[in-house]
Amino acid sequence: MKFPILHGVVLSLCSFSRVHALTDTHEMAQARVMGVTMVQLTQGNLQTRSETSFPGIRDWMLKEGKSFNELDKDKVDDSWRKFDSRKLVQHNANFWQMYYEVVPGDPGLAMLHAGVLLAAGDADRAQTVLRLTLHRGDLDEETQKLMISIMRQCGAFMRPSHQLVDAGVQLHDKGDFEGALKQYDAALSLWPLNGWAAYERGTTLRIRDKEDTDQVVKAFAQSREIMPFQFHAWQGTIKDIPGMEKMMIVMPQLWEPSLKDIKYVMKPEDLMKMSEILQLAEVDDLALVVRQICVVRRGRYAPDDHPFISKSLRRLAPGVQAETTLAKLSGAGLETTQIYQAPVPGRAK
């Protein structure tokens, strides 16, 4: 059953005026509240799931989910900036076990995923997860509008830090490299997961020092890690950076139409190619998201999906939970549930 999410979002938006950010700007605090709201709403729907049938959901709800449900959205404080999206999502065994207990491409799961990321300040990744889910191509207008509204909050979260980067770029263009670096450092202090700031910092250091120093290499690596779709940061030597050429040359061609038109829907073959490039580049969390969109577009799991999922899942969260999930995906008792009722899977071609 579709949960009454729109009503909850309206209530949360009304409460934004009461948010008092400490280190975050007001816009950033508002966006974190939106992220927490989405997590709490989606988890409200998950509470009825069988603990025996869905151990990943059970374990998530008892640990990470419980911590989110206990947050007071009217009292945003500096502790919210300590959330770590890598521990909560990318390398979290509970999250990925839960992920594969939900039907592929479930928009409710995407909103939970993005909500956790946004609450943890990983706004660019949150926005990317939602945009990828829109490539299902069959979501109803109400669901699309809701997901786009969360994407806009992601944009609002990023804006204050991006404004500092833009000021730095202008100083760089005038030859004031020290002034530019101060702006980038301020941007990263405000939002440590600003991959654009890390990239521009590396670029300014390269121009200033007239060589690729260790600082330059580290800045580009930081940018790639926290914002994989900052394609210009995929620079270096091919042997040291898996997937570098394809991320720099092929991926922008696949992704840029999505940035120009929110209604654009990728072809199935382009989604498959994207998932393969992301896995090659070891951006495994997004590779798995894209692959699940491929599954829902196809309407079923294919034989090639299992080795693909195995490779990325074992790199992200190796252990008993991953092996249990992979065993179920191979046919040993796979059972899935829905968080958010969506159109019939596979409708989009």
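What counts and what doesn't
Residues numbered from 1 in each chain as written. Predicted model: local features only at pLDDT ≥ 70, side-chain atom pairs only at ≥ 80, totals over all residues. Heavy atoms only, no water. Helix = DSSP H or I, 4+ residues; strand = E, 2+ residues; numbered from the N terminus. Expected span 1.5 Å × (residues − 1). Buried < 20%, exposed > 50% of the residue type's maximum accessible area, 1.4 Å probe, protein only. Salt bridge = Lys/Arg side-chain N within 4 Å of Asp/Glu carboxyl O. Lys, Arg positive; Asp, Glu negative; His and termini not counted. Contact = heavy atoms within 4.5 Å. pLDDT = per-residue confidence, 0-100. Axes fitted to C-alpha atoms, helices over the stretch in contact; angles between N-to-C directions. Parallel < 35°, antiparallel > 145°, perpendicular 65-115°, else oblique. Nonpolar A, V, L, I, M, F, W, Y, C, P; charged D, E, K, R; others polar.

1. Some thoughts on unusual backbone geometry
Thinking step 1. Of note in the backbone geometry, lysine 210 takes a positive phi value of approximately 60 degrees without being a glycine.
Thinking step 2. In this model, glutamate 282 sits at a positive phi of 65 degrees, which is unusual for a non-glycine residue.

2. Structural notes on helix H8 (residues 123–134)
Thinking step 1. The end-to-end C-alpha distance of H8 is 17 Å, a good match for the 16 Å that 12 residues give at a rise of 1.5 Å each.
Thinking step 2. With 11 of 12 residues buried, H8 lies mostly within the body of the structure.
Thinking step 3. All buried positions along H8 are accounted for by Ala123, Asp124, Arg125, Ala126, Thr128, Val129, Leu130, Arg131, Leu132, Thr133 and Leu134.

3. Quick word on the pattern of salt bridges
Thinking step 1. Counting across every chain of the model gives 17 salt bridges.
Thinking step 2. Between arginine 208 and glutamate 178 there is a salt bridge, with its nearest N and O atoms 3.0 Å apart. Of this pair, arginine 208 sits in helix H11 (residues 195–209) while glutamate 178 sits in helix H10 (residues 177–190), placing them 30 residues apart in sequence.
Thinking step 3. Judged by its relative accessible area of 28%, arginine 208 is partly exposed.
Thinking step 4. On the basis of relative accessible area, glutamate 178 is assigned to the partly exposed category, the value being 43%.
Thinking step 5. Taken together, the shared-partner salt bridges in this structure form one network comprising Asp24, Arg32 and Arg81.

4. Description of the side chain of arginine 224
Thinking step 1. Turning to its location among the elements, arginine 224 is positioned in helix H12 (residues 214–226).
Thinking step 2. Although arginine 224 is buried, it forms no salt bridge, and the closest oppositely charged side chain is aspartate 240 at an N-O distance of 8.6 Å.
Thinking step 3. Leave out the neighbours within four places in its chain, and arginine 224 touches Ala233, Trp234, Gln235 and Ile241.

5. Focus: the confidence of the model for the chain
Thinking step 1. Across the chain, the average pLDDT comes to 90, with 91% of residues at 70 or higher.
Thinking step 2. Across residues 1–22 the pLDDT falls below 50, and counting only partners more than four positions away or on other chains, this stretch makes 48 contacts in the model.
Thinking step 3. Low pLDDT, under 50, characterises residues 344–349; the predicted model gives this stretch 15 contacts beyond four residues in sequence or across chains.

6. Topic: the packing of helix H7 (residues 107–119) against helix H9 (residues 141–173)
Thinking step 1. Interaxial distance between H7 and H9 falls to 11 Å at its minimum, and their mutual angle equals 10 degrees. Here H9 runs roughly parallel to H7, going by the angle between their axes. Two secondary-structure elements touch here, H7 through Pro107, Ala110, Met111 and Leu118 and H9 through Thr143, Leu146, Met147, Ile150, Gln153, Cys154 and Phe157.
Thinking step 2. Looking at side-chain class alone, the contact of H7 with H9 contains nine nonpolar, two polar and no charged residues.

7. Examining the side chain of glutamine 97
Thinking step 1. Looking at the element boundaries, glutamine 97 is found in helix H6 (residues 93–99).
Thinking step 2. Glutamine 97 gets classed as buried once you look at its relative accessible area, which sits at 6%.
Thinking step 3. Not counting residues within four places of it along the chain, the set of residues in contact with glutamine 97 comprises Pro55, Gly56, Asp59, Gln321, Thr324 and Thr325.

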